[in-house]
Amino acid sequence: MLIKSASFLQSNTNVAKLPKPDKPEYAFIGRSNVGKSSLINMLTGNSKLAKVSATPGKTITINHFIINNEWYLVDLPGYGFAKRSQKEREMWKKMLDSYILGRQNLVTTFVLVDSRIEPQKIDLDFISNLGENMVPFVIVFTKADKLGSGKLAENIENYKKKLSEEWEELPTMIVTSSEKKTGRDEILDLIENYNKTYS
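1. What about unusual backbone geometry?
Despite not being glycine, Asn33 has its phi angle at roughly 70 degrees, a positive value. Residue position: Asn33 is located in the loop between strand E2 (25-30) and helix H1 (36-44). Phi at Lys143 takes a positive value of approximately 60 degrees, unusual for a residue other than glycine. With respect to the element layout, Lys143 can be found in the loop between strand E6 (137-142) and helix H4 (149-164).

2. Some remarks on the packing of helix H3 (residues 121-132) against H4
Following both chains from N to C, one finds H3 and H4 inclined at 50 degrees, their axes separated by 12 Å at the closest point. For the element pair H3 / H4, the angle class is oblique. Remark: the crossing between H3 and H4 carries right-handed chirality. Between H3, through Asp123, Leu124 and Ile127, and H4, the contact on the second element is made entirely by Tyr159, Lys162 and Leu163.

3. What to know about the packing of H1 against helix H5 (residues 184-197)
Relative orientation of the contacting elements H1 and H5 amounts to 75 degrees, with a least axis distance of 10 Å. It follows that H1 is roughly perpendicular to H5 by the angle criterion. Facing H1, whose interface residues are Met42, Leu43 and Thr44, H5 presents Arg184, Ile187 and Leu188. A per-class count over the contact of H1 with H5 returns 4 nonpolar, 1 polar and 1 charged.

4. A word on the side chain of Arg103
Relative to the elements of secondary structure, Arg103 occurs in the loop between helix H2 (86-102) and strand E5 (106-114). Here the side chain of Arg103 touches Glu25 through a polar contact of 2.9 Å, side chain to side chain.

5. Observations concerning H4
Given a rise of 1.5 Å per residue, 16 residues ought to cover 22 Å, and the 22 Å separating the end C-alpha atoms of H4 matches this to within 8%. Of the positions making up H4, those classed as buried are Leu152, Asn155, Ile156, Tyr159 and Leu163. On an axial view of H4, the arc spanned by its buried residues comes to 95 degrees, and they lie on one face. Buried residues along H4 sit in contact with E5, H3, E6 and strand E7 (173-175).

6. What to know about the packing of aromatic side chains
Tallied over the full model, the rule gives 6 aromatic pairs. Measuring from centroid to centroid gives 5.4 Å for Phe141 and Tyr159, while their planes differ by 85 degrees, and the two rings are edge-to-face. In this pair, Phe141 sits in strand E6 while Tyr159 sits in helix H4, placing the two residues 18 residues apart along the sequence. For Phe141, a relative accessible area of 1% gives the class buried. By the ring-pair criterion, three or more aromatic residues cluster together here, those being Tyr26, Trp71 and Tyr194.

7. What about the pattern of salt bridges?
Here the structure, examined in full by the defined rule, presents 10 salt bridges. For the salt bridge of Arg116 with Asp114, the shortest nitrogen-to-oxygen distance reads 2.8 Å. Since its relative accessible area comes to 37%, Arg116 is described here as partly exposed. Between Asp125 and Lys121 there is a salt bridge, with the nearest N and O atoms lying 2.5 Å from each other.

8. Quick word on the sheet that holds E2
Taken in spatial order, the 7 strands line up as E1-E3-E4-E2-E5-E6-E7 in an open sheet, and their pairing is mixed. This sheet does not close on itself; its edge strands, each paired only once, are strand E1 (6-12) and E7. Across the sheet, the axes of successive neighbouring strands diverge by a mean angle of 25 degrees, strand direction being ignored. Sheet topology places E2 next to E5; 6 bridges connect them, and they run parallel. Across the sheet, the residue bridging to Ile29 is Val111, located in E5. Seen against the sheet, H2 touches E1, E2, strand E3 (62-67), strand E4 (71-75) and E5 and runs at an angle of roughly 145 degrees to E2. Across the sheet, H5 lies against E2, E4, E5, E6 and E7, angled at about 165 degrees from E5, the strand it touches most.

How each quantity is defined
Residues numbered from 1 in each chain as written. Predicted model: local features only at pLDDT ≥ 70, side-chain atom pairs only at ≥ 80, totals over all residues. Heavy atoms only, no water. Helix = DSSP H or I, 4+ residues; strand = E, 2+ residues; numbered from the N terminus. Axes fitted to C-alpha atoms, helices over the stretch in contact; angles between N-to-C directions. Parallel < 35°, antiparallel > 145°, perpendicular 65-115°, else oblique. Left-handed = near helix turned anticlockwise from the far one by under 90°. Contact = heavy atoms within 4.5 Å. Nonpolar A, V, L, I, M, F, W, Y, C, P; charged D, E, K, R; others polar. Polar contact = N/O pair within 3.5 Å; in protein donor to acceptor, adjacent residues only side chain to side chain. Expected span 1.5 Å × (residues − 1). Buried < 20%, exposed > 50% of the residue type's maximum accessible area, 1.4 Å probe, protein only. Arc of directions from axis to C-beta. Phe/Tyr/Trp six-rings, centres within 6.5 Å; stacked < 30°, edge-to-face > 60°. Salt bridge = Lys/Arg side-chain N within 4 Å of Asp/Glu carboxyl O. Pairing = 2+ DSSP bridges.

Here it is in structure tokens:
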């Protein structure tokens, strides 16, 4: 897929005020500091589209971007807000659940996982919750350039083994690096194929 245009549309915390669900939509989510903004910027070819922050949990709104005037890319708040209050965490969880479970034009959710670390309970629980609610998703391993190829392969294999404890069929997985643009074509091709069958 060729990205001809990518622009910010709106930020919102109220699901009822999101853009009209008239185009296919793809959400990106992961633990705080997983490299979500960098990945979005890499995918769209715009280094300033999503704001990159060194502060975990910076994204606290549902951010919509319009791509090629054909589909929405959505930057969701990260989960695991360690430095946020319990009230804020509950509010965000309610907002995320309302969006992910209720957004009718959401085609699939890209769940970002740091390829450098062992499987985390918070990620596994989030993935399980998507599966239990029959929400389509893809696992995206980030920061692959930070590891040697041997260690990377080992970590991903460990992840597959962990998922196999609960899943009969493993979800689609894509390995990415925002620095080297690894996985960019795979994600965009997947979205392009989904767009073709969207109705």
